[in-house]
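Below are the chains, spelled out letter by letter.
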Amino acid sequence: MSESPDTSTAQMPALEPKSALRFALPLAIFIVLAGFLFIGLSLNPREVPSPFIGKPAPSFQLTQLAQPEQSFSPAQMQGEVWLLNVWASWCVACRVEHPLLVELARKGVVPIVGLNYKDKRDAALGWLGQFGNPYRLSIADIDGRVGIDYGVYGVPETFVIDKQGVIRFKQIGPITEEVWRDKMLPLVQQLRKA
Amino acid sequence: MLRVAIVALMFALASSGAIAGKGAVQLDNAGARRAAALADQLRCLVCQNQSIAESSAELAVDLRREINEQIRAGRSDTQIIDFMVARYGDFVLYRPPVKSHTLLLWFGPALLALAALTAFLRALRNRRRRANERPLTSAEHAEAERLLSGSSSSAP
């Protein structure tokens, strides 16, 4: 079955158009594959598309962090565009976005409700005392059940909720200046007009 | 004898407490098996390469508790899975559902294998055709005979 050298050279002319394809095809496959892998590098596997976008914010009734005798329910925010920000005193990344939230609160840009996730009351209040309190109010989700209902898996997370109580956007991880300026602020302004 | 029994009881209590954790619900054997099977199918979103059963992340602990409670409350496996998907999306499932945008994921490998097989068969056919295309000349035949007979004494 072995081909002797002169038979293969004899067939070379017949192979001519094919041999171009023989090199081009693997190269094309390689380029496509490399392209996919390269795009994959820039994707963040932590950003899982949330099934909540466009759905009503799950209702709950929790006690407030600062006034445990008072409770809060998302229905109370009906008619307002607001942010639900999931935070905790043990969450290091929360400190990254905190100055931005404080700035937003100072300017009165948008009401922010804090969901204090799996935290201790004293630690949480101490944290707010130390870094500033941008929240209209915070609610204490001590056992993380509301967190589960909101599909929280990485603190901080921030939901933009419209006047009808529908979740419009979810930021996983700290809100950066960029995300706020390019995505969240325009969305908040647009939802206000609606 | 009594002391042995007491020590055994203490160990049993201590270990069950350690496994169950605080505030956990106790399940019967069948329930525990169902809980374990469910936890095994669900991805922990904190440490994405582990299932809820394997992970020791707090969220995984909470979700195992949630599964236990729901089994206790008499909910079916499908209901529990739906509960998780509603909150965390299809991503929690290690076995993604067949949907329009997961078709490639499900059938891509089979498609690739089919393409490879087709290419292989075509290459084989081409090769056979090429071999038959031009019969050997008598000189080439003689050369082949000589090579096959194993007489390596000839000069190159």
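Parameters at a glance
- Residues numbered from 1 in each chain as written.
- Chains lettered and ligands numbered in written order.
- Predicted model: local features only at pLDDT ≥ 70, side-chain atom pairs only at ≥ 80, totals over all residues.
- Helix = DSSP H or I, 4+ residues; strand = E, 2+ residues; numbered from the N terminus.
- Buried ≥ 20, exposed ≤ 12 C-beta atoms within 10 Å, placed from the backbone.
- Contact = placed C-beta atoms within 7 Å.
- Nonpolar A, V, L, I, M, F, W, Y, C, P; charged D, E, K, R; others polar.
- Arc of directions from axis to C-beta.
- Axes fitted to C-alpha atoms, helices over the stretch in contact; angles between N-to-C directions.
- Parallel < 35°, antiparallel > 145°, perpendicular 65-115°, else oblique.
- Left-handed = near helix turned anticlockwise from the far one by under 90°.
- Pairing = 2+ DSSP bridges.
- Core = buried A, V, L, I, M, F, W, Y, C linked by C-beta atoms within 7 Å.
- pLDDT = per-residue confidence, 0-100.

(A) Structural context of the overall build of chain B. The secondary structure content of chain B amounts to six helices and zero strands. Along chain B, helices and strands appear, N-terminal first, in the series α-α-α-α-α-α. Evaluated residue by residue, chain B yields a buried proportion of 13% over its 156 residues. Long-range pairs, those at least 24 residues apart, make up 43% of the contacts in chain B with a sequence separation of at least 6.

(B) Fine view of the interface of chain A and chain B. Listed as interface residues are 13 residues of chain A and, on the opposing side, 13 residues of chain B. Looking at the side of chain A that touches chain B residue by residue, the classes come out as six nonpolar, five polar and two charged.

(C) Highlighting helix α3 (residues 121-131) of chain A. Residues and elements named next belong to chain A. Within α3 the residues assigned to the buried category are A124, W127 and L128. Taken down its axis, α3 places every buried residue within 95° of arc, on the same side. Exposed side chains of α3 directed beyond 90 degrees from the buried face belong to D122, G126, G129 and Q130. Elements that come into contact with the buried residues of α3 comprise β4 (112-117). Positive phi shows up at G132, right after α3, with a value of about 100°.

(D) Fine view of the environment of L136(B). All names here are of chain B. Looking at where L136 falls in the secondary structure, it is placed in the loop between α5 (103-133) and α6 (138-149). In this structure L136 comes out as partly exposed when scored by C-beta crowding, with 13 C-beta atoms within 10 Å. Along the backbone, L136 and D90 are 46 residues apart, and their C-alpha atoms lie at a distance of 62 Å.

(E) Up close: the packing of helix α2 (residues 29-41) of chain B against helix α3 (residues 58-72) of chain B. Residues and elements named next belong to chain B. In the contact formed by α2 and α3, the axes pass within 10 Å of each other and the chain directions differ by 140°. Considering their axes alone, α2 and α3 lie oblique with respect to each other. As α2 runs across α3, the sense of the crossing is right-handed. Seen from α2, the contacting residues are G31, R34, A35, L38 and A39; seen from α3, they are R64, I67, N68 and I71. A class-by-class count of the residues in the contact of α2 with α3 yields five nonpolar, two polar and two charged.

(F) Examining the sheet that holds strand β5 (residues 137-141) of chain A more closely. Residue and element names in this part refer to chain A. One open sheet holds the five strands; their spatial order is β5-β4-β3-β6-β7, and the pairing between them is mixed. Pairing within the sheet leaves two strands with one partner each, and these edge strands are β5 and β7 (167-172). Across the sheet, the mean angle from the axis of one strand to that of its neighbour is 20°, orientation sign disregarded. Note that strand β3 (residues 82-87) and β4 share five bridges and pair parallel. Following the sheet pairing, V86 is matched in β4 by L115. Running at roughly 165° to β7, helix α5 (residues 177-193) makes contact with β6 (157-161) and β7 of the sheet.

(G) Layout of the nonpolar core. W82(A), I112(A), V155(A) and I161(A) are the most contacted members of the largest nonpolar core, which totals 57 residues. Ignoring anything within four residues of it in the chain, the contact list for I161(A) reads A57(A), M77(A), W82(A), L84(A), V166(A), I167(A) and R168(A).

(H) Representation of the pairing of β7(A) in the model. All names here are of chain A. With five of six residues buried, β7 lies mostly within the body of the structure. Direction of pairing for β6 relative to β7: antiparallel, over a ladder of five bridges. From the neighbouring strand, I161 faces β7, where its bridge partner is I167. Linking two consecutive strands that pair antiparallel, namely β6 and β7, is a turn of five residues; a positive phi of about 80° is found at G165 within it.

(I) Up close: the confidence of the model for chain A. Averaged over every residue, the pLDDT of chain A is 88; the share at 70 or more is 90%. Confidence drops under a pLDDT of 50 for residues 1-15 of chain A, and excluding neighbours within four residues, the segment shows two contacts in the predicted structure.

(J) Here's a closer look at the pairing of β3(A). Residues and elements named next belong to chain A. With six of its six residues buried, β3 lies for the most part within the structure. Burial along β3 is two-sided: the face carrying W82, L84 and V86 and the face carrying L83, N85 and W87 are both buried. The pairing of β3 with β6 spans five bridges and is antiparallel. Residue pairing for β6: L83 is matched across the bridge by V160.

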